[in-house]
There are 2 protein chains.
Amino acid sequence: MGRPREFCPDQALGQALEVFWRQGYEGASLSDLTEAMGITRPSLYAAFGNKEELFRKALDRYESHVMGFMAEAMRQEPAREAVAGLLYGFADAQSGQDTPAGCLGVNGALACSEASEPVRQELARRRGAVEARLAERLRAAPAGQLPPGADPDDLARYVMALAQGMAVQAKSGAGREALRRVVATALQAWPDSVAAA
Amino acid sequence: MGRPREFCPDQALGQALEVFWRQGYEGASLSDLTEAMGITRPSLYAAFGNKEELFRKALDRYESHVMGFMAEAMRQEPAREAVAGLLYGFADAQSGQDTPAGCLGVNGALACSEASEPVRQELARRRGAVEARLAERLRAAPAGQLPPGADPDDLARYVMALAQGMAVQAKSGAGREALRRVVATALQAWPDSVAAA
DNA sequence: CCAGAACCATACCACACGGTACGAAACCGT
DNA sequence: ACGGTTTCGTACCGTGTGGTATGGTTCTGG
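Remember, it's a predicted structure, so these values are computed and weren't measured experimentally.

Turning next to the packing of helix 6 (residues 79-94) of chain B against helix 9 (residues 152-172) of chain B. Residues and elements named next belong to chain B. For the pair helix 6 and helix 9, the least separation of the axes is 9 Å and the interaxial angle reads 15°. By the angle class used here, helix 6 and helix 9 are roughly parallel. Between helix 6 and helix 9 lies a crossing whose hand is right-handed. Seen from helix 6, the contacting residues are Val 83, Leu 87, Phe 90, Ala 91 and Gln 94; seen from helix 9, they are Val 159, Leu 162, Ala 163, Met 166, Ala 167 and Ala 170. Split into classes, the residues belonging to the contact of helix 6 with helix 9 amount to 10 nonpolar, one polar and no charged.

Below you can see the structure in the form of structure tokens.
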């Protein structure tokens, strides 16, 4: 009962996600957000709590929607295919025509004022979680599927560094083609012959 | 003539550099800056213009001091040594004990409000300049020094992506050892045998 | 020893920030 | 039709932002 809200929370969250994605947590003001979401300040607070909670919900939506490809990519065999799926998936997600450039997890709050330190740490935590999942995936690979002498943890960190670096490049203006060539260049170092072994 | 200033501009700039490095352009308030520099607001404006000019001067100082190793690294032979020198140099610069984590060029303003767009673009421009210098260095390498089938432009973009990704990792808490292993993992893909060819 | 010049410190400005109080409007169950 | 409930819109709050006016202070050149 009571007056029904005049906006769709999910759609509004999608708009908020875009603003955070483009401008980062601190760079997105409440005015930017409410304007993009098409709702007023009090409506935002009633529906989403406050700016930080809104950001966390946008982050959840980002992970489940934009990064949804990850789960399937990780399942690919052999391990090299999983890494290739991840990297090409990141490249595409960071260079979408209808989405902001780069990655919300990197754009969100890399360096910020002390007030946003909790947000920064949360993002670092989530990046670490992805890296841990990848390390686990690589550790489960049969011997011989990884490049000779490569440690799964090191390899996972290397792949994530590359992904995050591509996010920086995308935000700097690099297009999809450029990013895909970065992935291809990296994968040339991990020949199919190794995977076939 | 006139009253002499009671602070050393170069030292004050160094303190400002540290604050920008740690908190980024927007995340560093004038209060943060003046407190770290040990000077008052009007002194800052008299000596450095305004916040944006101060940032640009800090950026120049960063390039000439912290990134000073680049010129020598690029001169190394063969090309693989130049890339190795660059990457290890970045890894060390991003994980210094007495300096903020990460890279000022990446921390400074990756995503920001519209007001700081000029700063963001300037940083993207400078990152591109480094990439262009590296591409030129690789293009000048004798045939056979690069991995087979690798395009110098793609290779340069790949190396820069890795460096910028390490900057993200460093800001996330990765230590020097972790970063160096990322570099080593990347360099394993570019065997010495290729360089010796 | 004084005039001019540059610097320092305080106190201030307009404005944008994140967040909220409050009254009017719109709905549901009875 | 009406009471209770929830939303919406406006107008506001305290605080912090980047930036500056002003007056006292400390130096140099003559």
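To continue, consider the relation of the copies chain A and chain B. Two chain copies here: they are related by a rotation about an axis and a translation along the same axis. For the pair chain A and chain B, the superposition axis carries a translation of 0.0 Å, the fit reaches an RMSD of 0.1 Å, and the rotation angle comes to 180°. Here the symmetry operator amounts to a two-fold rotation axis. Taking the C-alpha atom as reference, chain A places Gly165(A) closest to the rotation axis, 1.8 Å from it. Taken as a fraction of all interface residues of chain A, those also at the interface in chain B reach 100%, which identifies the copy contact as same-surface.

Another aspect to go through is the protein's contact with DNA strand D. By nearness alone, 22 residues border DNA strand D, and Arg3(A), Glu6(A), Leu30(B), Tyr45(B) and Lys51(B) come closest of all. Sugar and phosphate atoms form 68% of the subset of DNA strand D atoms that lie within 4 Å of the protein. The separation between a phosphate oxygen of DNA strand D and a polar main-chain atom of Leu30(B) is 2.6 Å. Between a phosphate oxygen of DNA strand D and a side-chain N or O atom of Tyr45(B), the distance comes to 2.5 Å. Residue assignment for the surface near DNA strand D shows that the elements contributing at least two residues are helix 3 (41-48) of chain A together with helix 2 (30-37) and helix 3 (41-48) of chain B. It is helix 3 of chain B that provides the largest number of residues to the surface near DNA strand D, a total of three residues.

Residues and elements named next belong to chain A. Across the interface, helix 1 (residues 9-27) lies against helix 4 (residues 51-66) with an axial gap of 9 Å and an inter-helix angle of 100°. On the basis of their axis angle, the class for helix 1 and helix 4 is roughly perpendicular. Residues Asp 10, Leu 13, Gly 14, Ala 16, Leu 17, Phe 20, Trp 21, Tyr 25 and Glu 26 of helix 1 form the contact with helix 4, whose participating residues are Lys 51, Glu 52, Leu 54, Phe 55, Lys 57, Ala 58, Arg 61, Tyr 62 and Val 66. In terms of residue class, the contact of helix 1 with helix 4 is built from 11 nonpolar, one polar and six charged.

Our next topic: the UniProt feature "domain: HTH tetR-type" (unreviewed entry) in chain A. Mapped onto this numbering, the UniProt entry annotates "domain: HTH tetR-type" (unreviewed entry) at residues 6-66 of chain A. Span residues 6-66 of chain A is 84% helix and 0% strand, its end C-alpha atoms 26 Å apart.

Turning next to the protein's contact with DNA strand C. The local shell around DNA strand C holds 22 residues, among which Leu30(A), Arg41(A), Tyr45(A), Lys51(A) and Glu6(B) are the closest. Counted by atom, the contact set of DNA strand C within 4 Å of the protein is 65% sugar and phosphate. Among the elements of the structure, helix 2 (30-37) and helix 3 of chain A together with helix 3 of chain B are those that each provide at least two residues to the surface near DNA strand C. Of all the elements, helix 3 of chain A adds the most residues to the surface near DNA strand C, at three residues.

Parameters at a glance
- Residues numbered from 1 in each chain as written.
- Chains lettered and ligands numbered in written order.
- Predicted model: local features only at pLDDT ≥ 70, side-chain atom pairs only at ≥ 80, totals over all residues.
- Heavy atoms only, no water.
- Axes fitted to C-alpha atoms, helices over the stretch in contact; angles between N-to-C directions.
- Helix = DSSP H or I, 4+ residues; strand = E, 2+ residues; numbered from the N terminus.
- Parallel < 35°, antiparallel > 145°, perpendicular 65-115°, else oblique.
- Left-handed = near helix turned anticlockwise from the far one by under 90°.
- Contact = heavy atoms within 4.5 Å.
- Nonpolar A, V, L, I, M, F, W, Y, C, P; charged D, E, K, R; others polar.
- Least-squares fit on C-alpha atoms with pLDDT ≥ 70 in both.
- Near = heavy atom within 4 Å.
- Polar contact = N/O pair within 3.5 Å; in protein donor to acceptor, adjacent residues only side chain to side chain.
- UniProt positions renumbered as here; feature names shortened; annotations may be inferred.

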